[in-house]
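# Remarks on the overall topology
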Amino acid sequence: MPLNSKIPQGELSQKWTTYKSTCKLVNPANKRQLEVIVIGTGLAGASAAASLGEMGYKVKTFCFQDSPRRAHSIAAQGGINAAKNYQNDGDSTYRLFYDTVKGGDYRSREGNVYRLAEVSANIIDQCVAQGVPFAREYGGLLSNRSFGGVQVQRTFYAAGQTGQQLLIGAYQALERQVALGNVTQYSRHEMLEVVIIDGKARGVIVRNLVTGELERHFGHAVLLCSGGYGNVFYLSTNAMGSNVTAAWKAHKSGAFFGNPCFTQIHPTCIPVSGDHQSKLTLMSESLRNDGRIWVPKKQGDTRKPNEIPVEERDYYLERRYPAFGNLVPRDVASRAAKERCDAGYGVGSSRQAVYLDFASAIERYGKIEAGKHGNHNPDAETVRQLGEEVVKEKYGNLFEMYEKITGEDPYKIPMRIYPAVHYTMGGLWVDYELMTTVPGLYALGEANFSDHGANRLGASALMQGLADGYFVIPYTLGNYLADDIRTKAIPTTHEAFEAAEKKVKERIETMMNIKGSESVESFHKRLGKIMWDKCGMARNAKGLAEAIEEIKALRKEFWANVRIPGEIKEYNPELDKAGRVADFLELGELMCKDALYRSESCGGHFREESQTEEGEALRKDDEFTLVAAWEYKGDSNFELHKEDLNYEVMHLTQRSYK
C-alpha cells in the first residue's frame, strides 16, 4: 500500500499553522464522551495525558513502573533544545530545522522536523511556567550550552539532571488531572495486545504485574508513548526495564515499523568493565562542551594520562573535524573513537576507551574567576580550585556519578569513555498526525520514527517527546476523533476483546509450560552479543546475514528451553522479562534485515561496504532517500513498503563537520 504521510500542502514554514487552522475540532461536551488510552508515562506520555485530560477527554494511562515518575525520561542528563536565540548567536527556527535534518543525515521528513523546530520555543515557556528549575545566567535569564552537531548554544539544562526536572514538571501536570478525575492512572500494568475493531484501534489488553491478572480497557484511540528498543542490545544506557513490547504488539497487529536499523550509539559512556554488567552508564554529551577528547599518539601507551605531555596526545576530533571539534554529532564521534581503539590507541585495561579531559576547562574557568576577584596573576593551585568550583556547578552530579562508579576523581584524572547503545531513531511508522498505519493508533516520542532520520542530535529527545505530547497530539487527535463523536464506548465483552485476551493468555501459558533449563537473562545476553557484534557500530552484508540465522536459531532455542520460575497469577518479574525478551528476539531479526536491505551508510547506520576514502559514511541518495517501513506478515516474514522523502527546502549534500 502507498504510504501517505499527510504532510499539508504549502510553504514549509506555514504547514503547521495551516493544519492547526483547518483541522477538525471536538467541542468540550463531546470530549467528555471520548476515551483515550495512553501507554507509557515518560515525557511524551505524561505530557499527552496531562494535555488531553485538561482538554476534557477521559484518559487512562498505563505504565509498568510503580510510579510515572520512574519513566526512563528521568535519566536524561544534558538538556533540551529550543530555538530561542537567547545567546544572540544566530539561532532560528530554520537553523534548528537545518541542523536536525543534516544531523540525521538527510533521512528524516522535512514537514515533521520543521514543526518540531517551530514548537520548540513554546516547550521552554511551558516548562518554566510549571516551575522547572532550568539553569540561569547571572542576570536571571535562562542559560544555554552547546551540544553536538551545531554551532550555536540552544540547549537548556538543569545541571546534569534535565530529564528528571522535566519529567517532574510533566508528572505534576498529569497528577493534577488525576486529582480532578480527568485521568485514571494504572501503575504496574503492561500492555500486551492492541484490540482492533472494524479496522480501528479500540482498546488494549494489559497485565496487572502485581497479581498477574489480565484486564481489558476500551478507548476511542490508543497512544503508544512507550519509548525505544535499545535494550535489544542487552547492554545499553537504557533502564533495564525499557523494552519494545508495546510497539512490537502494535507492529504485529498491523502497524508498520519504520527504519528499525537506525540506532544511536552515544560516544560518552563509561566503558564496559566485565561480563557481570547488566547496563551501561551515560556521561552526558554536555561534557563534550568543555571536555577535550584524546588518545596517546603512541600505540599501546601504558603511561598514566597525566604523565603524557600535551604534544604526545592526539586530540583526534579537533584534528579531523576542525570546524566542530569535540562537538561533532554522536555518530561521527562514536565511529572516530572506535577507529582509534581498533587501531591500537585505546586506553585503560581493556584498551577499549578514550580520554575525556577537563583540565583545559578547569584552567580557563579558573583564570576567569580569578580575574573577577582582581587577581590577574593567580598561581596554579588558585586557578585549579576556582576552576573546579565552576565545573562543579555546571556538571557536579555527573562527576560524582563517575567517581562513584569508577573510583577515580575526574577533576584530577581524565574520564575514560567509550561508545554505547543509547537511543533508537527507528520506531513505529507514523504520518504527520503521529498516527500509525492502524487508524486510531498513535505513536509519540521515541516510540515513533519520525523526526531524527539516521542520527539524533543530542538534547533533541526531550524536545520531541514534549513537542508530541503538549503541542502536536492535542490537534491531530481531535482531527481524528471529530468523526467518532457518535461512537459509544464498546463493551469489553465484545468478541475482539475476548479474542485478544485469549491470544495473550495462551502465549503466557505456552511460555510458562516450557520449563527448560536456561534463564531468560542468558538468552537476552546472547542476543545482545549477536546484535552488538554484527548490527552495532559497523555492519556488513556477511555479518548481517549470519546474524539473521543466529537469531532465528536462538529464538527457536528460547521457545524450547527457557526456564521461568514462579506462577502466572502472582508478581513474577521473570515472566515479565521473558515476554519482553521474546519480542526482542523477533525485533532483532527485523533490525538485521533492515540493515542488510539498506546497503548505504548514513548516520548511525554504518555499512562497511559504503564509506568514503576518509572513512566517513557514504550515502546512496538515488536508492535510499526513503523510509523503509516494514509490515509484519508472520514469523520471520516482513514486507517492505517505502515512503519517498522529498526535500523541497534542504539540498542533499555529503555531511561535513570539517
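As shown above, the structure is provided for reference.
None of these values were measured; they are calculated from a predicted model. (Residues numbered from 1 in each chain as written. Predicted model: local features only at pLDDT ≥ 70, side-chain atom pairs only at ≥ 80, totals over all residues. Heavy atoms only, no water.)

Read from one edge to the other, the open sheet built from 4 strands follows the order E16-E10-E20-E21, with strand pairing classed as antiparallel. If you trace the sheet from one side to the other, it starts and ends with strand E16 (427–428) and strand E21 (638–644), each paired once. Note that strand E20 (residues 626–632) and E21 share 7 bridges and pair antiparallel. For Val627, the partnering residue across the bridge sits in E21 and is Glu643. Against the sheet, helix H17 (residues 573–597) contacts strand E10 (257–258), E20 and E21, and its axis sits at roughly 145° relative to E20. (Pairing = 2+ DSSP bridges. Helix = DSSP H or I, 4+ residues; strand = E, 2+ residues; numbered from the N terminus. Contact = heavy atoms within 4.5 Å. Axes fitted to C-alpha atoms, helices over the stretch in contact; angles between N-to-C directions.)

On to the sheet that holds strand E8 (residues 214–218). On the basis of which strands lie adjacent, the open sheet formed by 3 strands has the order E6-E7-E8 and antiparallel pairing. Two strands bound the open sheet, and with one partner strand each, they are strand E6 (189–197) and E8. Taking the axes of each pair of neighbouring strands and ignoring which way they run, one obtains an average angle of 25° across the sheet. Taken together, the 5 bridges between strand E7 (residues 200–208) and E8 define a ladder with antiparallel strand orientation. Across the sheet, residue Val204 finds its bridge partner in E8, namely His217.

In this structure, Ile80, Leu223 and Tyr442 are the most contacted members of the largest nonpolar core, which totals 149 residues. Every residue in contact with Leu223, bar those within four places of it in the chain, is listed here: Val36, Ile37, Val38, Ile39, Ala48, Leu52, Tyr442, Leu444, Ile473 and Leu477. Grouped together as the second largest cluster of nonpolar side chains are 33 residues, Val390, Val391, Phe399 and Ile417 included. (Core = buried A, V, L, I, M, F, W, Y, C linked by side-chain atoms within 4.5 Å. Buried < 20%, exposed > 50% of the residue type's maximum accessible area, 1.4 Å probe, protein only.)

Running from amino to carboxyl end, helix H14 (residues 495–512) crosses H17 at an angle of 100°, the nearest separation of the two axes being 11 Å. Here H14 is positioned roughly perpendicular relative to H17, judged by the angle of their axes. For the pair formed by H14 and H17, the contact residues are Arg507, Ile508, Met511 and Met512 on the first element and Leu575, Ala578, Gly579, Ala582, Asp583 and Glu586 on the second. Partitioned by chemical class, the residues of the contact of H14 with H17 number 6 nonpolar, 1 polar and 3 charged. (Parallel < 35°, antiparallel > 145°, perpendicular 65-115°, else oblique. Nonpolar A, V, L, I, M, F, W, Y, C, P; charged D, E, K, R; others polar.)

With that settled, consider the pattern of salt bridges. Evaluation of the coordinates by the stated rule reveals 66 salt bridges. The salt bridge involving Arg364 is made with Asp290; its shortest N-O contact spans 2.8 Å. Of the two residues, Arg364 sits in helix H11 (residues 359–372) while Asp290 sits in helix H8 (residues 287–290), which places them 74 residues apart along the sequence. Among the salt bridges present, the one from Glu546 reaches Lys534, with a minimum N-O distance of 3.0 Å. With Glu546 in helix H16 (residues 541–561) and Lys534 in helix H15 (residues 520–535), this pair connects stretches of sequence that are 12 residues apart. The class of Glu546 is partly exposed, set by a relative accessible area of 30%. (Salt bridge = Lys/Arg side-chain N within 4 Å of Asp/Glu carboxyl O.)

The final tally for this structure, using the stated rule, is 28 aromatic pairs. When the ring of Trp16 is compared with that of Tyr475, the centres are 5.7 Å apart and the planes differ by 80°; the resulting orientation is edge-to-face. You can see Trp16 sitting in helix H1 (residues 15–22) and its partner Tyr475 sitting in helix H13 (residues 461–481), a full 459 residues away along the chain. A residue is classified by how much of its surface remains accessible, and Trp16, at 1% relative accessible area, is buried. Tyr475 gets classed as partly exposed once you look at its relative accessible area, which sits at 33%. Look at Tyr106 and Tyr647: their rings are 6.4 Å apart centre to centre, the planes differ by 75°, and that puts the pair in the edge-to-face class. Taken together, the residues span a long stretch of sequence, with Tyr106 in the loop between helix H4 (93–103) and helix H5 (110–130) and Tyr647 in the segment after E21 at a distance of 541 residues. By relative accessible area, which is 2% here, Tyr106 ends up buried. Here the aromatic cluster, defined as three or more aromatic residues joined through ring pairs, consists of Tyr229, Trp248, Phe257, Tyr632 and Phe638. It is Arg115 that lies over the ring of Trp16; its NZ or CZ is 4.8 Å from the centre. It is Arg115 that lies over the ring of Tyr432; its NZ or CZ is 4.1 Å from the centre. (Phe/Tyr/Trp six-rings, centres within 6.5 Å; stacked < 30°, edge-to-face > 60°. Lys NZ or Arg CZ within 6 Å of the ring centre and 35° of its normal.)

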